[in-house]
Amino acid sequence: MFIKINDEYAIESDVAAWAICKWTKDGTYGDYFKQILWYSTFEGAVQGLARRMIRMSDAQTLEDAIIDASIVRDTIRVALEPSYKIEEL
């Protein structure tokens, strides 16, 4: 299974795990989504991606971080609609 979250991230599964994938530009292999983090559950992958996106934001203040967290939540919610509920921290 492959679920594109946005132009930078996706969540992919294989028979053993769920992986967070990041868009990579590679001169040898071309542009593709590369697996970077692995989780045993889909929920773990979604939560891990949300936390990563917030940590990697350019927020400089708590107010900026709250705004970025809201944007991340909405981005993931739209990508996983209609039936996935994101637990708010």
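Residues numbered from 1 in each chain as written. Predicted model: local features only at pLDDT ≥ 70, side-chain atom pairs only at ≥ 80, totals over all residues. Heavy atoms only, no water.

**Quick notes on the overall build of the protein**
- Helices and strands together make up the secondary structure of the protein, namely two helices and four strands.
- Its C-alpha atoms put the protein at 40 × 30 × 20 Å along the principal axes.
- Looking at the protein as a whole, 29% of its 89 residues are labelled buried.
- Accessible surface, the protein as shown: approximately 6100 Å² in total, 54% of it carbon and sulfur.
- Charge separation in the protein, taken as the distance between the mean sites of 10 positive and 15 negative side-chain charges, equals 2 Å. (Helix = DSSP H or I, 4+ residues; strand = E, 2+ residues; numbered from the N terminus. Buried < 20%, exposed > 50% of the residue type's maximum accessible area, 1.4 Å probe, protein only. Areas by Shrake-Rupley, 256 points an atom, 1.4 Å probe, with all protein chains shown as cover. Lys, Arg positive; Asp, Glu negative; His and termini not counted. Charge placed at Lys NZ, Arg CZ, Asp CG, Glu CD.)

**Some details on the confidence of the model for the protein**
- Per-residue pLDDT for the protein averages 91, and the proportion of residues at 70 or more is 92%.
- Within the protein, the lowest mean pLDDT, 93, falls on helix H2 (residues 62-80), and the highest, 97, falls on strand E2 (residues 9-13). (pLDDT = per-residue confidence, 0-100.)

**Here's the deal with the packing of aromatic side chains**
- Tallied over the full model, the rule gives three aromatic pairs.
- Through pairs of rings, three or more aromatic residues link up here, namely Phe2, Trp23 and Phe33. (Phe/Tyr/Trp six-rings, centres within 6.5 Å; stacked < 30°, edge-to-face > 60°.)

**Some points on the pattern of salt bridges**
- Across all of its chains, the model carries four salt bridges by this definition.
- Between Arg73 and Asp74 there is a salt bridge, with its nearest N and O atoms 3.3 Å apart.
- The class of Asp74 is partly exposed, set by a relative accessible area of 33%.
- Here the residues in one salt-bridge network are Arg73, Asp74 and Arg77, joined through shared partners. (Salt bridge = Lys/Arg side-chain N within 4 Å of Asp/Glu carboxyl O.)

**A few points about the environment of Arg77**
- Take Arg77: it is sitting in helix H2.
- Between the C-alpha atoms of Arg77 and Ile5, which are 72 residues apart in sequence, the distance is 9.0 Å.

**So, the side chain of Ser13**
- Mapped onto the fold, Ser13 is located in strand E2.
- Take Ser13: its relative accessible area is 19%, and that puts it in the buried class.
- Residues within four places of Ser13 in sequence aside, it is in contact with Met1 and Trp18. (Contact = heavy atoms within 4.5 Å.)

**Things to note about the side chain of Arg52**
- In this structure, Arg52 sits in helix H1 (residues 42-55).
- The buried charged residue Arg52 lacks any salt bridge partner; its closest oppositely charged side chain belongs to Glu8, at an N-O distance of 6.5 Å.
- When residues no more than four places from it in sequence are discounted, the contact partners of Arg52 are Tyr9, Lys22, Ile36 and Leu37.

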